[in-house]
Amino acid sequence: MSTAQKKAICLYFQVHQPFRLRRYRFFEMGHEHYYYDDFMNESILRKIASNCYLPANAILLELIRKHKGKFRVTFSLTGIVIDQFRLYAPEVLDSFRELAETGCVEFLAETNSHSLASLMSRERYELQVRVHRDKMVEFIGYEPTSIRNTELIYSDEIGSWMAEMGYKAVVTEGAKHILGWKSPNFLYCNAINPRLKVLLRNYTLSDDIAFRFSDKQWSSYPLTAEKYASWIKGLASSSELVNIFMDYETFGEHQKKDTGIFDFLRHFPDLIIRKTPFNFMTVSEVADHYQPVSLLHVPSPISWADEERDITAWMGNELQTAAVNKLYSLSDRVGRCNNEQLIRDWVYLQSSDHFYYMSTKFFSDGAVHAYFNPYENPYQAFMNYMNVLSDFEIRLNSVCPLNLHDEEVNRLSTAIGDKERTIRDLQDRLARLEKVAARAAKKKAPAAAAKSTTAGKKASAAAAKSTTAGKKASAAAARSTTAGKKASAAAGKTAGKLSGTRVATAKKVTATKTKTVKKKTGTR
């Protein structure tokens, strides 16, 4: 079969989950700067990973290996969902990387934030696409050559930007009001820059799976792989390609496992390959193998959202318009700041989901807008988002002021804040030192008491020794007194004897002297 005779079927799946905001109160502004409901975000992502991403990726990998390259598919992963995979489910990121390594899976470029930047500023839009491309190379190992915009938003002008950035093809909605009598089952090109090929979604066949698959009131229920393949085969005579585009969460999350959606996914490709003239191709392969049948004129932006297929899902009421305009009024100053935390919040606050929750389409598309919506009504969504955005602006003003007066106020505020922090640090240090001193004192008190007790015991022992010594001294003194008395008595006796001897001697001397005198007298 020649290239011109080949029929193509292009499967494209969008993968995205936003960072949902926590309930942020008015009185938290200027004080609390963390905006995200981490528990909700992790719970939802882990739930979808278990119900959809992991089992569906496993089936696709099985199909690729089974059909040896004949089954091919295209994905887009927003930068925000990649961040969530890294935080909460790295095994999902690994499974997408494994699909990329097969060579049978294409990944498209898009806005990093899943944002509405293309509706507000070309510069901001192109910056986000470049950031997303770098993220795809780093975490998926794939550099995109084709592109899609947030929610398939497209216009002639946006398409010309994409062509100038070097992308070969884009996917968007086959909206009736754009096509008129034309069919979405052919390849078109951008009206301003024809180098960009345009693939249009066949919304009937896509929504048969995405929305009507489990609807028991639908006239074609139940939808089997055989029935669906027969419908596509019936288009062969009047179509060149069929583009089936949908949210990847269709498999296992929007359409639960017990509806048979995974069995459908497992068998549908085999029937297309065996029983129809259609070949599976990626978006870039379609652009390489087919020539556009005509220009596609899209003067105003279209999307794949809601019945209107326009941008009113995000900018359809005054609440949404006010929020979007306020957000992007800050973009120039955000671009001048280099605060990492502010830039991260800027990325997450641009997610189109925040404005989608503010939609007042209660009837025609209310059920779709309610899916994973954390708010009770659009007015609550608006108030919560604007509280967060007001705090974000306060932080931005402190980093990147509007004028010289604000800059001087910020400088003085920063100086005061620095001094207050210094005072608090010194107070904290003083408190810590006081605690250390108190603990040290408590530790020393028992030791001092122990030493005092020991000293007391030693003193008591010394006193006891002193008392014993005193008693010994008293005894010795008593003995000394007794000895003294004895010595005195002995001395008295000795003295008496000496005295008697002296008297006797004296008497003898006197007697002798008398006799001598008498003799001398008689002689004369």
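Treat the numbers as computed from the prediction; the structure is a model and nothing was measured.

## A closer look at the overall build of the protein
For step 1, the next point in the chain: Each helix and strand in the protein was counted, giving 18 helices and ten strands.
For step 2, the next point in the chain: Put simply, 77% of the contacts in the protein that link residues at least 6 apart link residues at least 24 apart.

## Some words on the side chain of threonine 172
For step 1, the next point in the chain: Relative to the assigned elements, threonine 172 resides in strand β5 (residues 169–173).
For step 2, the next point in the chain: If we ignore the near neighbours within four places in the chain, the residues touching threonine 172 are Leu152, Tyr154, Val198, Leu199, Leu200, Arg201, Phe245 and Ile302.

## Considering the sheet that holds β5
For step 1, the next point in the chain: The sheet built from five strands is open, its strands ordered β4-β5-β7-β6-β10 with mixed pairing. In the strand order of this sheet, the two ends are held by β4 (147–148) and β10 (294–296), each with one partner.
For step 2, the next point in the chain: Sheet topology places β4 next to β5; two bridges connect them, and they run parallel. Bridging from a neighbouring strand, arginine 148 pairs with valine 171 of β5.

## Some details on the packing of aromatic side chains
For step 1, the next point in the chain: Under the counting rule described, the total for this entry stands at 35 aromatic pairs.
For step 2, the next point in the chain: Seen from their ring centres, tyrosine 36 and tyrosine 348 are 5.7 Å apart, and the 80° between their planes marks the pair as edge-to-face. A residue pair is termed long-range when its members are at least 10 positions apart, and tyrosine 36 in the loop between β1 (7–15) and α1 (38–67) and tyrosine 348 in helix α14 (residues 340–349) qualify at 312 residues. Of the two residues, tyrosine 36 and tyrosine 348, neither departs from the other in class, the shared state being buried.
For step 3, the next point in the chain: Relative to phenylalanine 280, the ring of phenylalanine 71 has its centre 5.0 Å away and its plane inclined at 70°; by these criteria the two rings are edge-to-face. Separated by 209 residues along the polypeptide, phenylalanine 71 in the loop between α1 and β2 (73–77) and phenylalanine 280 in strand β9 (residues 278–280) bring together distant segments of the chain.
For step 4, the next point in the chain: Classification of phenylalanine 71 by relative accessible area gives buried; the value is 0%.
For step 5, the next point in the chain: Ring pairs connect the aromatic residues Phe13, Tyr53, Phe75, Phe85, Phe96, Phe107, Tyr142, Tyr248 and Phe251, which therefore count as one cluster.
For step 6, the next point in the chain: Positioned above the aromatic ring of tryptophan 218 is the side chain of arginine 212, whose terminal nitrogen or guanidinium carbon lies 5.9 Å from the ring centre.
For step 7, the next point in the chain: Note that arginine 309 overlies the ring of tyrosine 203, its terminal NZ or CZ placed 5.1 Å from the centroid.

## Some points on the environment of glutamate 110
For step 1, the next point in the chain: By the element assignment, glutamate 110 lies in the loop between β3 (105–107) and α4 (122–139).
For step 2, the next point in the chain: Through-space distance from the C-alpha of glutamate 110 to that of glutamate 126 is 9.4 Å; in sequence the pair is 16 residues apart.
For step 3, the next point in the chain: When sequence neighbours within four positions are dropped, the list of residues in contact with glutamate 110 reads Ser76, Leu77, Thr78, Gln128, Val129, His132, Ile147 and Arg148.

## Describing the confidence of the model for the protein
For step 1, the next point in the chain: Residues at a pLDDT of 70 or more form 81% of the protein, whose mean pLDDT is 87.
For step 2, the next point in the chain: Confidence drops under pLDDT 50 across residues 516–524; counting only partners more than four residues distant or on other chains, this segment forms zero contacts.

## Points about the environment of alanine 236
For step 1, the next point in the chain: Relative to the elements of secondary structure, alanine 236 occurs in the loop between α8 (225–234) and β8 (241–247).
For step 2, the next point in the chain: Residues alanine 236 and lysine 6, 230 residues apart in the sequence, show an inter-C-alpha distance of 9.7 Å.

## Looking at the pairing of β2
For step 1, the next point in the chain: Of all five residues that make up β2, five are buried, and the element is covered over most of its length.
For step 2, the next point in the chain: In β2, alternate side chains face the same way, and those of Val73, Phe75 and Leu77 on one face and Thr74 and Ser76 on the other are all buried.
For step 3, the next point in the chain: Sheet topology note: the β1/β2 ladder contains four bridges and is parallel. Pairing of valine 15 across the sheet is with leucine 77, part of β2.
For step 4, the next point in the chain: Regarding topology, α1 serves as the crossover connection from β1 to the parallel β2, and that connection is right-handed.
For step 5, the next point in the chain: Examined bridge by bridge, β2 and β3 share three bridges and lie parallel to one another. Looking at β3, one finds that phenylalanine 75 is bridged to phenylalanine 107.

## What about the nonpolar core?
For step 1, the next point in the chain: Core analysis: the biggest nonpolar cluster contains 123 residues, and Phe75, Phe96 and Tyr248 have the highest contact counts within it.
For step 2, the next point in the chain: Broken down by element, this core gets its largest block of residues, twelve residues, from α1.
For step 3, the next point in the chain: Discounting residues that sit within four places of it in the chain, phenylalanine 96 has contacts with Val15, Asn57, Phe75, Leu77, Phe85, Phe107, Ile140 and Tyr248.
For step 4, the next point in the chain: Core analysis: the next-biggest nonpolar cluster, separate from the first, contains 17 residues, Leu108, Leu199, Val286 and Ala287 among them.

## Some remarks on the side chain of asparagine 190
For step 1, the next point in the chain: For asparagine 190, the location among the structural elements is in strand β6 (residues 188–190).
For step 2, the next point in the chain: For asparagine 190, a relative accessible area of 0% gives the class buried.
For step 3, the next point in the chain: Engagement of the side chain of asparagine 190 in a polar contact is seen with the side chain of tyrosine 154, the distance being 2.8 Å.
For step 4, the next point in the chain: Looking at asparagine 190, its side chain comes within polar contact range of the main-chain oxygen of aspartate 156, at 3.1 Å.
For step 5, the next point in the chain: Once residues within four sequence positions are removed from consideration, asparagine 190 is found in contact with Tyr154, Ser155, Asp156, Gly159, Ser160, Leu196, Val198 and Leu295.

## Some thoughts on the packing of helix α7 (residues 203–210) against α8
For step 1, the next point in the chain: Look at α7 against α8: their axes get within 12 Å of each other, and the N-to-C directions meet at 175°. The angle between α7 and α8 places the two elements in the roughly antiparallel class. Every residue of α8 that contacts α7 at Leu205, Ser206, Asp208 and Ile209 is listed here: Tyr228, Trp231 and Ile232.
For step 2, the next point in the chain: When the residues that make up the contact of α7 with α8 are grouped by side-chain class, the tally is five nonpolar, one polar and one charged.

## Overview of unusual backbone geometry
For step 1, the next point in the chain: Tyrosine 221 connects to proline 222 through a cis peptide bond whose omega is -5°.
For step 2, the next point in the chain: The backbone phi angle of lysine 68 is positive, close to 50°, even though this residue is not glycine.
For step 3, the next point in the chain: By the element assignment, lysine 68 lies in the loop between α1 and β2.
For step 4, the next point in the chain: With a relative accessible area of 72%, lysine 68 lands in the exposed category.

## Quick word on helix α3 (residues 90–100)
For step 1, the next point in the chain: Within the span of α3, buried status applies to Val92, Leu93, Ser95, Phe96, Leu99 and Ala100. Mapping the buried residues of α3 onto a view down its axis gives an arc of 160°, with all of them on the same face.
For step 2, the next point in the chain: The inward-facing, buried residues of α3 abut β1, α1, β2, α2 (79–88), β3 and α4.

Calculation criteria
- Residues numbered from 1 in each chain as written.
- Predicted model: local features only at pLDDT ≥ 70, side-chain atom pairs only at ≥ 80, totals over all residues.
- Heavy atoms only, no water.
- Helix = DSSP H or I, 4+ residues; strand = E, 2+ residues; numbered from the N terminus.
- Contact = heavy atoms within 4.5 Å.
- Pairing = 2+ DSSP bridges.
- Phe/Tyr/Trp six-rings, centres within 6.5 Å; stacked < 30°, edge-to-face > 60°.
- Buried < 20%, exposed > 50% of the residue type's maximum accessible area, 1.4 Å probe, protein only.
- Lys NZ or Arg CZ within 6 Å of the ring centre and 35° of its normal.
- pLDDT = per-residue confidence, 0-100.
- Right-handed = clockwise from strand over helix to strand, strands pointing away.
- Core = buried A, V, L, I, M, F, W, Y, C linked by side-chain atoms within 4.5 Å.
- Polar contact = N/O pair within 3.5 Å; in protein donor to acceptor, adjacent residues only side chain to side chain.
- Axes fitted to C-alpha atoms, helices over the stretch in contact; angles between N-to-C directions.
- Parallel < 35°, antiparallel > 145°, perpendicular 65-115°, else oblique.
- Nonpolar A, V, L, I, M, F, W, Y, C, P; charged D, E, K, R; others polar.
- Arc of directions from axis to C-beta.

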